[in-house]
Amino acid sequence: MVRALFYNVPARRKFLRAAGTELGHCVDAVVREALIRPELDWTVTHDGRALLRAPAVKTRAARAAELLNDQGQALFPFELSSGNATIEALLSPVGVHHANAAGAMFLYVNGRYVRDLTLRKAVNEAYRHIVPKGRYPTVVLELRLPSDEVDVNVHPSKVEVRFRDTNDVFRFVADGLRDALERHGLRRVVPVTPYERPPQPSLLASPTAGYDAGPPPPARVAPTPQPTYTPPPYTPPAFTPP
């Protein structure tokens, strides 16, 4: 239960937006935490009405199927370890993508939700030429690293981090996700019904075989005979001498 949130910092209250907007931010924050903590039971209520209910489940895939609807039900799990780095993710297969960036990528480092440009670019690189332009893959990804390889004190909100070796992290995530997509089926087989060409008539037997000439022409009618004109015989006038 949260009460008197701004008791010690009343000046921050004036920066709040509309109640509906702030409520949406609160629910989004709970969803982000619930996605990687499936063993916990979550309930969000507002004015006596339940806004979110996520009972404890065994896997992150089951939790994503509850919170992300159809997109979450289509995700497949993926894990990868190399040295001290580990990836545990839920990836959208080919053909499953989001209409906007908001609510598409849920990225975490050592259990903390982050908005990191390196991880976002690595995910986009893995899905390059797979997701149509203007669409976004649905990904829930956690990267675990030793604490000395990542700095979490970059921003007061703790949603930005700085990796000690950015290039290694980028290649590790991008290549690992791309390999997982290829193994899962990067190129889907589309069933094609064989085309059967209809039988064609031989054009050697008749030049007009196989063609529709339309209705037969009307029968020819004999022309009506016209009367014959015969001029009278020519008689030259009589010549009278002067």
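Undergrad: Looking at this model, I keep getting lost on the packing of aromatic side chains. Mind explaining?
TA: A ring pair, where both rings are aromatic, is described by two values, the distance of the centres and the angle of the planes. Across all of its chains, the model carries one aromatic pair by this definition. Arranged with centres 5.7 Å apart and planes meeting at 70 degrees, the rings of Tyr108 and Tyr113 form a pair that is edge-to-face. Judged by relative accessible area, Tyr113 falls into the buried class, the value being 12%. Residue placement shows Arg32 over the ring face of Tyr113; its charged tip is 4.6 Å from the ring centre.

Undergrad: Sorry, what's going on with the sheet that holds strand E4 (residues 85-91) here?
TA: Hydrogen bonds between backbone atoms are what pair the strands of a sheet, whose relative direction is either parallel or antiparallel. Read across the sheet, five strands follow the order E3-E4-E7-E5-E6 without closing on themselves; strand pairing throughout is mixed. Strand pairing shows two members of the sheet lacking a second neighbour, strand E3 (76-82) and strand E6 (112-113), which therefore form its edges. Pairing analysis gives five bridges linking strand E5 (residues 105-109) to strand E7 (residues 139-144), with the strands arranged parallel. Along E7, the bridge assignment pairs Phe106 with Val140. Helix-sheet contacts for helix H2 (residues 60-67) involve E4 and E7, and the interaxial angle to E4 is about 40 degrees. Most of the contacts of helix H4 (residues 117-126) go to E5, to which it runs at about 130 degrees, and overall it touches E5 and E7.

Undergrad: Even after reading the chapter, I still don't get helix H5 (residues 166-185), so can you show me in this structure?
TA: Since the α-helix advances by 3.6 residues per turn, residues separated by three or four positions end up pointing in the same direction. Here H5 spans 29 Å end to end across 20 residues, near enough to the 28 Å set by a 1.5 Å rise per residue. Taken residue by residue, H5 has Val169, Phe172, Val173, Ala174, Gly176, Leu177, Ala180 and Leu181 as its buried positions. As for H5, its buried residues are in contact with E3, E4, H4, E7 and strand E9 (162-163).

Undergrad: Is there a simple way to think about the pairing of E3 in this case?
TA: The two faces of the sheet receive side chains in turn, since in a regular strand these alternate between them. Bridge count for E3 against E4 is seven bridges, and the pairing is antiparallel. Bridge pairing links Phe76 to Leu91 in E4. Between E3 and E4, which pair antiparallel in sequence order, lie two residues; one of them, Gly83, sits at a positive phi of approximately 65 degrees.

Undergrad: Explain the packing of H4 against H5 here, please?
TA: Packed helices, taken two at a time, are described by their axes: the angle between them and the distance between them. Put simply, H4 and H5 touch, their axes get as near as 8 Å, and they point 30 degrees apart. In this structure, H4 crosses over H5, and the sense of that crossing is right-handed. Contacts from Thr118, Leu119, Lys121, Ala122, Val123, Glu125 and Ala126 in H4 reach Thr166, Val169, Phe170, Arg171, Val173, Ala174, Leu177, Arg178 and Leu181 in H5. Here the residues of the contact of H4 with H5 are counted per class, giving ten nonpolar, two polar and four charged.

Undergrad: What is the right way to read the pattern of salt bridges from this model?
TA: Side-chain pairs of opposite charge can arise where the charged atoms are in close proximity. Applying the stated criterion across every chain yields a total of twelve salt bridges. With its nearest N and O atoms 3.6 Å apart, the salt bridge here joins Asp151 to Arg162. With a gap of eleven residues between them, Asp151 in strand E8 (residues 150-151) and Arg162 in strand E9 connect regions that are remote in the sequence.

Undergrad: Looking at this structure, I do not really get the layout of surface pockets. What am I missing?
TA: Within this model, the largest pocket holds a volume of roughly 920 Å³. Forming the walls of the largest pocket are 23 residues, and the residues nearest its centre are Val2, Leu5, Glu22, Leu23 and Cys26. Contributing elements (two or more residues each) for the lining of the largest pocket: helix H1 (19-35) and strand E1 (42-46). Among the residues making up the lining of the largest pocket, the classes are represented as 15 nonpolar, four polar and four charged. Empty space within the second largest pocket amounts to approximately 410 Å³.

Rules and cut-offs
- Residues numbered from 1 in each chain as written.
- Predicted model: local features only at pLDDT ≥ 70, side-chain atom pairs only at ≥ 80, totals over all residues.
- Heavy atoms only, no water.
- Phe/Tyr/Trp six-rings, centres within 6.5 Å; stacked < 30°, edge-to-face > 60°.
- Buried < 20%, exposed > 50% of the residue type's maximum accessible area, 1.4 Å probe, protein only.
- Lys NZ or Arg CZ within 6 Å of the ring centre and 35° of its normal.
- Pairing = 2+ DSSP bridges.
- Helix = DSSP H or I, 4+ residues; strand = E, 2+ residues; numbered from the N terminus.
- Contact = heavy atoms within 4.5 Å.
- Axes fitted to C-alpha atoms, helices over the stretch in contact; angles between N-to-C directions.
- Expected span 1.5 Å × (residues − 1).
- Left-handed = near helix turned anticlockwise from the far one by under 90°.
- Nonpolar A, V, L, I, M, F, W, Y, C, P; charged D, E, K, R; others polar.
- Salt bridge = Lys/Arg side-chain N within 4 Å of Asp/Glu carboxyl O.
- 1 Å grid on protein atoms, 1.4 Å probe; cavity = no way out; pocket = protein on both sides within 12 Å on 5 of 7 lines; lining within 4 Å.
- Points joined across faces, edges and corners; volume = space filled by probe spheres on them.

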